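# A structural walkthrough
Listed below, chain by chain, are the residues.
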Amino acid sequence: MTALTLSTSSAATVRADAVVVGVAKGAKGVVVAPGAEAVDKAFGGKLAGVLETLGASGAEGEVTKLPAADGLKTPVVLAVGLGDAPAKGDGYDHEALRRAAGSAARALAGSKKAGFALPVEDAEAAAAVGEGALLGAYTFTAFRSNGAGNGKNGKKNDGKSAPLAEVAILGGKPRDKEFKAATERAQALAAEINRARDLINTPSNALDPKSFAAEAQAAAKEFGLKAEVLDEKALKKGGYGGLLGVGQGSEAPPRLVRIAHTHPKADKTLALVGKGITYDSGGISLKPAGHNETMKCDMSGAAAVFAAVVTAARLGLEVNVTGWLALAENMPSGSATRPGDVLTMYSGKTVEVLNTDAEGRLVLADALTRASEEEPDAIVDVATLTGAMVLALGHRHFGIMANDDAFRTSIHEIAEEVGEQSWPMPMPEHLRKGMDSPVADIANMGDRMGGGLVAGLFLKEFIGEGIPWAHLDIAGPAFHEGSPWGYTPKGGTGSAVRTLVRLAERTAAGDLG
Ligand code: BES
Ligand code: MN
Ligand code: ZN
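Quantities reported herein were computed from a predicted structural model and do not represent experimental measurements. (Residues numbered from 1 in each chain as written. Chains lettered and ligands numbered in written order. Predicted model: local features only at pLDDT ≥ 70, side-chain atom pairs only at ≥ 80, totals over all residues. Heavy atoms only, no water.)

## A short note on the coordination of the manganese ion (ligand 2)
This is how the line gets drawn: In this analysis a donor is any N, O or S atom within 2.8 Å of a metal ion (3.2 Å for sodium, potassium and calcium), and since water is not included, sites may seem incomplete. Strands here are runs of E lasting at least two residues and helices are runs of H or I lasting at least four, both read from the DSSP assignment and numbered beginning at the N terminus. The buried label applies to any residue whose accessible area, calculated with a 1.4 Å probe on protein chains only, is under 20% of its type's maximum; exposed applies above 50%, and partly exposed to all values in between.
Coordination of the manganese ion (ligand 2) by the protein involves D280 (OD), D357 (O), D357 (OD) and E359 (OE), with metal-donor separations of 2.0 to 2.2 Å. Within one chain, the residues donating to the manganese ion (ligand 2) are spaced in sequence as D-x76-D-x1-E. In this structure, the manganese ion (ligand 2) is positioned 3.1 Å from the zinc ion (ligand 3), and both are ligated by D280. One end of the pair, D280, is in strand β10 (residues 269–280); the other, D357, is in the loop between β13 (350–352) and α10 (360–373), with 77 residues separating them in the sequence. Judged by relative accessible area, which is 23%, D357 ranks as partly exposed.

Shown next, in the form of structure tokens:
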């Protein structure tokens, strides 16, 4: 991964391939953001004017490259747009910094080192720049025959698409404890988000429940977590009817992974549960062409949970965080669950499977019941659960449902704080009766209208009594099919990891009830 350093060099003295400066939209045209003073000086104080001449406006995501002026030690100056300039006295919004750093880092692919001279007035701002740059520099090349930049297949990279190798944050006080801690956190967090992205981007012929579980075991060993894997035999013995019912049509049997970070001084335990469908064909209720091309992403919830737990361990957070990865492949075959079949879940409840494409709630139900048995202080599940949530909120927001209004509000606020877009959704009780089944305790489908909420109501039935629980439906933001923007690449995004990690930090600090 791209290296991150704090540098005492100024924008004028840094030796690198490029120096990155921020530009914003001011009331009277382009303004140069703080941090770029030395660069502006080299341009005779006319950097804003030069950029305007080149057509720059300061708009978010805009990248303008120009040859450096005399007095600078880098051949290139890259000006990145920050959007509207803040009101006098206010600093730049951290999410604007994160996005700008991401756009700049991506535009510098193929370079070795860049100095980032963006406004970093405090440690949090420096961390945002670092986070954005490391996330924006991400590329996924493991399956390119030239293996650009990954070295995994033993071939040399082609030098073109290799990610920016080093990000040096200028003006970032390397000897200041807060700056150091914040950038170390940014590094661990970005590394884990990029790990989640790698897992999501890995095609389903290279990632199945078994190999996903092995990845979790390897990371647990590396970072000192405890991992346990229930294989198909253990799942049968334990009566995990949801996981088994979804996985039985596949040649690759299901797994339930428990991966735990514990801290000796922790007095709270957070359980995180992730949907890990390594491929969702829909099963016998097969998805039509046009709806299955990106379904390798259906394990994004499990990837987010996995990444968040490992981050908690890497940061040594004073809270216990238990991750549950509900892994299965949803395939049609002679052994697959049929529409109309009844499953007996781990909780003992019976479910009539009316639509085998509503599989996420089945694997999650077993994992939620199992997680509840340990009586955690809260449970959060993350899942690419419904197309209905994408219709409701689009591709940038995840939906938040909960059995506790205050908890839902907290999650929403935390997401805002870390720069993840989300929106609270209701859980209308009247939708429950749509899932009444003539043969079983509940059906896995109900009203089509409000389908995302119906799915949430289904999950709620499997939460242990009295445990605060929230459900994040990330079907929209988990996988990005459009052009890259800010620090969001094409493909897996790592949606929800930042929210989960901040939730763990808040829980450790005793901020949440
Ligand atoms: N994995 C899908 C949901 C999804 C859709 C994720 C689009 C990402 C992008 C899920 O398993 C699914 O198929 N849900 C069905 C449920 C329905 C059959 C009740 C849906 O949303 O159509
Ligand atoms: Mn499905
Ligand atoms: Zn699915």
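## Concerning the coordination of the zinc ion (ligand 3)
The zinc ion (ligand 3) binds to the protein through K275 (NZ), D280 (OD), D298 (OD) and E359 (OE); the donor distances cover 2.0 to 2.4 Å. Site description for the zinc ion (ligand 3): donor spacing in sequence, K-x4-D-x17-D-x60-E. Using a relative accessible area of 2% as the deciding quantity, one classes K275 as buried.

## Digging into empty space enclosed by the protein
To locate leftover empty space, one rolls a probe as large as a water molecule over the atoms. As a reminder, the rule being used: A pocket, in this scheme, is an open set of points on a 1 Å grid over the protein atoms alone with protein on both sides within 12 Å along at least 5 of 7 lines, while a cavity is a set where a 1.4 Å probe fits but cannot get out; residues line either one if an atom lies within 4 Å of a point. Grid points are joined across faces, edges and corners, and a volume is the space filled by probe spheres set on the points.
Scanning all chains against the criterion turns up one cavity of 30 Å³ or more. The computed volume of the largest cavity comes to approximately 80 Å³.

## A look at the domain arrangement of the protein chain
Note the following rule: Where each domain starts and ends follows an automatic or database-derived domain assignment. Whether two residues are in contact is decided by their heavy atoms, any of which lying within 4.5 Å being enough. Note on terms: buried area is the combined drop in 1.4 Å-probe accessible area of two parts once they are placed together, counting the loss on both. Definition used for salt bridges: Asp or Glu carboxyl oxygen within 4 Å of a side-chain nitrogen of Lys or Arg. Asp, Glu, Lys and Arg are counted as charged, while Ala, Val, Leu, Ile, Met, Phe, Trp, Tyr, Cys and Pro are counted as nonpolar; the rest, among them Gly, fall into the polar class.
For the protein chain, the assigned domains are domain 1 (3–175) and domain 2 (205–508). Between domain 1 and domain 2, the C-alpha centre-to-centre distance is 36 Å. Counting residues at the interface gives 14 residues for domain 1 and twelve residues for domain 2. Counting each side, the surface lost to burial between domain 1 and domain 2 is near 940 Å², with a carbon and sulfur contribution of 57%. Our count for the contact surface shared by domain 1 and domain 2 stands at two salt bridges. When the shortest N-O distance is used, the salt bridge between R498 and E131 registers 4.0 Å. Where the side of domain 1 that touches domain 2 is concerned, the elements lending two or more residues are α3 (94–107) and α4 (123–136). For the side of domain 1 that touches domain 2, the leading source of residues is α3, giving six residues. The residue makeup of the side of domain 1 that touches domain 2, split by class, is three nonpolar, four polar and seven charged.

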